[in-house]
Amino acid sequence: MVCGMFAELFPTATDLAESAFSCVSRHCFREVVLKRRARFDGRGFSDLRPMNCQVDLKQPLHGSCLFQRGETQVFSTVALGSPKSALKTDLIEAAMGGAKEEEFILHYEFPPFCNNVIGPVLQHNRREIGHGLILSVSNAVCLHGHFVGR
């Protein structure tokens, strides 16, 4: 907001304003973290946000869970199918030698409003893809021999 007001008053100095704001905010952040030995939100380095987990919230599903840590909330569900219901690759992938079956599929969404960011919900971002991959790999280890890699 300050940069926007500055840009209206001095349209030719927008780059200078952005650079100055970036420099001051970086200095303030370092000051809090290094000298006050605290995170920017005021918590100490060893302070943990409260956690809460509730399971089996939706009975028709094979599993459901509500996980909360600080202001973050995740509602997860699991529905199991038979090995014959595994996702098979399409014909083009099969023709190129990449035919395989996906027996474990994870759908993960983290829209911008989840962490107070304003923006369009268009496609998956790096955070969603990275978190989804971490969850898939960790679940694959737990499910190995039962559903994955048979």
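Quick caveat: nothing in here was measured; it's all calculated off a predicted structure.

Novice: What exactly am I supposed to notice about the sheet that holds strand S2 (residues 63-69) here?
Specialist: Backbone-to-backbone hydrogen bonds pair the strands of a sheet. The strands run either parallel or antiparallel. The sheet built from three strands is open, its strands ordered S1-S2-S3 with antiparallel pairing. Two strands bound the open sheet, and with one partner strand each, they are strand S1 (51-55) and strand S3 (72-78). Across the sheet, the axes of successive neighbouring strands diverge by a mean angle of 10°, strand direction being ignored. Note that S1 and S2 share five bridges and pair antiparallel. Pairing of Cys53 across the sheet is with Phe67, part of S2.

Novice: Help me understand the pairing of S3 in this model?
Specialist: Strand residues, when the strand is regular, have side chains that alternate between the two faces of the sheet. The pairing of S2 with S3 spans seven bridges and is antiparallel. Considered in S3, the bridge of Leu66 is made with Phe75. Count of turn residues in the S2/S3 antiparallel hairpin: two residues, of which Gly70 carries a positive phi of about 65°.

Novice: Would you mind showing me how to read the pattern of salt bridges here?
Specialist: Two side chains bearing opposite charge may form a pair once their charged atoms approach each other closely. Summed over the entire model, instances satisfying the criterion amount to one salt bridge. In this structure, Glu31 engages Lys35 in a salt bridge whose closest nitrogen and oxygen atoms are separated by 3.8 Å. Linking Glu31 with Lys35, this pair stays in helix H2 (residues 14-35), spanning four residues, or about one helical turn. The exposed category is assigned to Lys35, whose relative accessible area is 62%.

Cut-offs used in this document
Residues numbered from 1 in each chain as written. Predicted model: local features only at pLDDT ≥ 70, side-chain atom pairs only at ≥ 80, totals over all residues. Heavy atoms only, no water. Pairing = 2+ DSSP bridges. Helix = DSSP H or I, 4+ residues; strand = E, 2+ residues; numbered from the N terminus. Axes fitted to C-alpha atoms, helices over the stretch in contact; angles between N-to-C directions. Salt bridge = Lys/Arg side-chain N within 4 Å of Asp/Glu carboxyl O. Buried < 20%, exposed > 50% of the residue type's maximum accessible area, 1.4 Å probe, protein only.

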